[in-house]
Each structure stands twice: as C-alpha cells, then as structure tokens.
Amino acid sequence: MNLPRFGPDDTLSPMPLLLRSASESDVPLIQDLARRIWHRCYADLLPVEQRDYMLAWMYAAHKLESEIRRGVDYRIAGVEGAPAGYLAWELFSGGETAHFHKLYLIPEWHGHGFGQAMLQHVMNAAVLRGARTLELRVNRGNARALRAYRRAGFEPAGEGGPDIGAG
C-alpha cells in the first residue's frame, strides 16, 4: 500500500499500549509470546506439526538475533504492564519500501484497537524514514488478519510466497 503522511506527534491510539524496542536479550520473550499466540491463533488454520515447524524455523534464537543485529525493528507491545505481543519491520535498501514482517497480539487483547495501533506505529515510522510503500504477507486463510489489514487500507497485490517446510 502507498503510505499516508504522518507527523511525529500523531497519536497511535487512546488505549494504554506501550511499544518498546526489543534487543537480543528479548529473544526468549519473543519466542515465548510467539508460541503462546501461534498455538491459539493458528489452531484452525495450521496443523500443530506445521505450527511447531514454523515456530522452530522462524523463531530460532540465532535467526531472531541475526535479524535484530541487521536492523529489523522488533518492538514488544505491553498492555497494563505485561507483554502482550510484538511486531517486526524493516526498511529495504533504497529506502522507499518497508516490509512488515510480524504483528502478533495475545488473543485476550484482540478487538481493543491494539493491533491497529501497532500497525499505525509501523506506518508512521516507515514514513518518517522515507518509505512510500509498506508491504506484508498474510496467510490467505487468516480472515481476521485480512479484514484488519484491509480496514487499514491495504490491498492484495498478489498471491504466493516462500515455500515453508517443503510444502
């Protein structure tokens, strides 16, 4: 999607959401949140074996640490003083395109505007760093996420993506 222009003082949400930068020391927390969220949110979309495979592949400590070191912006979302989710995005070389890697929220916090606030944070940060386009991938069967992204102004640009786990 083409990004709207936002200034640094734009409010993300009236909700009490805190986003803080994640470091390599947060990798175990990101892994724990991913396990807790994925097994609940993807239970109807992916068999447990595939979830376990993808979690082990995408959330291996060395992989997350490497992403953080190369500049992928990981943020921990906190609500009421407790970790509630995480996001990750990066600006591609050249600077006009940002890629949104991850946005996950504990299911108890769905429907409170936190996911939209997290998405808005990335949109604002990407624009402030010069991006004109924000891209992401979402499982075509994830109707809830598709609705949320469409509500935020995203439009499908095509289907496909990387093969994960030999099919």
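Residues numbered from 1 in each chain as written. Predicted model: local features only at pLDDT ≥ 70, side-chain atom pairs only at ≥ 80, totals over all residues. Heavy atoms only, no water.

### Looking at the sheet that holds strand β2 (residues 73–79)
Here is step 1: Spatially, β1-β2-β3-β4-β5 is the arrangement adopted by the five strands of the open sheet, whose pairing is mixed. Of all the strands in the sheet, just β1 (17–21) and β5 (133–136) have a single pairing partner and so form its edges. The mean inter-strand angle of the sheet, taken between neighbouring strand axes irrespective of direction, is 30°.
Here is step 2: Taken together, the five bridges between β1 and β2 define a ladder with antiparallel strand orientation. (Pairing = 2+ DSSP bridges. Helix = DSSP H or I, 4+ residues; strand = E, 2+ residues; numbered from the N terminus. Axes fitted to C-alpha atoms, helices over the stretch in contact; angles between N-to-C directions.)

### Re the packing of helix α1 (residues 27–41) against helix α2 (residues 48–58)
The packing of two helices is summarised by the inter-axis angle and the distance between the axes.
Here is step 1: Remark: α1 packs on α2, axes separated minimally by 10 Å, with the N-to-C direction vectors making an angle of 155°. Here α1 lies roughly antiparallel to α2, going by the angle between them. For α1 against α2, the interelement crossing comes out right-handed. In this structure, α1 contributes A34, R35, W38 and H39 to the contact, and α2 contributes V48, R51, D52, M54, L55 and M58. (Parallel < 35°, antiparallel > 145°, perpendicular 65-115°, else oblique. Left-handed = near helix turned anticlockwise from the far one by under 90°. Contact = heavy atoms within 4.5 Å.)

### Remarks on the packing of aromatic side chains
Here is step 1: Here the structure, examined in full by the defined rule, presents eight aromatic pairs.
Here is step 2: Between W38 and Y42, the ring centres sit 4.8 Å apart and the planes meet at 65°, which makes this aromatic pair edge-to-face. Assigned by exposure class, W38 and Y42 land together as buried.
Here is step 3: Chaining the aromatic ring pairs together yields one cluster made of W38, Y42, Y59, Y86 and Y104. (Phe/Tyr/Trp six-rings, centres within 6.5 Å; stacked < 30°, edge-to-face > 60°. Buried < 20%, exposed > 50% of the residue type's maximum accessible area, 1.4 Å probe, protein only.)

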